[in-house]
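Spelled out, the chains give:
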Amino acid sequence: MKEHRAKETPFSPIDLMGAKKTGLRTQFAALCYRLRKGKPEVLLVTSRRSKRWIIPKGWPQNGMLPAQSAAIEALEEAGVEGKLNNESLGIYSYTKHHVSGRLIPCIGIVYSLKVKTVHDRYREMGQRKRKWFSLAEAARKVSEPELAHIIYTFSPKQARKS
């Protein structure tokens, strides 16, 4: 199978933008999926400011495992709950635009979440859109090449390992 990359750009190293390594921030992300006619679909949400398609992600939360933090973000940003896999699918890099105008280099650690419940009402429903996509469509919609690769190569069998 041919490797897929968003917008056919090569993977690039994490750009620290002159920051010290302590300036690199980590967020935990949920790859929310379901099976339709035996094929996986991925739920993407729009970012609040730029309205780009992304997966739910957020900052670490005290007292929670990384995957649990990702699940909280899935509930708040996409209104979904389900079966969480505590084993990471991979990482991707991106730049977060802070409200101060500063650019923050980040990595996202991705965990799969098999969606069991889709809520009609959820915390950020007025701030984001959500939509289900095939793996190939979702990989084309996201901006980050590493995330596109994680999505495109995702298999629900990975989620059943743990």
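Residues numbered from 1 in each chain as written. Predicted model: local features only at pLDDT ≥ 70, side-chain atom pairs only at ≥ 80, totals over all residues. Heavy atoms only, no water.

Caption draft 1: Region of interest: the overall build of the protein chain. For the protein chain, the count of helices and strands is four helices and seven strands. Helices and strands appear in the protein chain in the N-to-C order β-β-β-β-α-β-β-β-α-α-α. Relative to its 162 residues, the protein chain shows a buried fraction of 43%. (Helix = DSSP H or I, 4+ residues; strand = E, 2+ residues; numbered from the N terminus. Buried < 20%, exposed > 50% of the residue type's maximum accessible area, 1.4 Å probe, protein only.)

Caption draft 2: Geometry of the nonpolar core. In this structure, L31, L44, I55, V110 and I151 are the most contacted members of the largest nonpolar core, which totals 23 residues. It is helix α3 (residues 145-152) that provides the largest number of residues to this core, a total of four residues. Look past the residues within four positions of V110 in its chain and what remains in contact with it is A29, L31, I55, S88, L89, G90, Y92, L147 and I150. (Core = buried A, V, L, I, M, F, W, Y, C linked by side-chain atoms within 4.5 Å. Contact = heavy atoms within 4.5 Å.)

Caption draft 3: Quick look at unusual backbone geometry. Here K37, not a glycine, exhibits a phi torsion of approximately 55°, which is positive. Mapped onto the secondary structure, K37 falls in the loop between β1 (25-36) and β2 (39-46). We classify K37 as exposed; its relative accessible area is 87%. If you check the backbone angles, K51 has positive phi at about 65° while not being a glycine.

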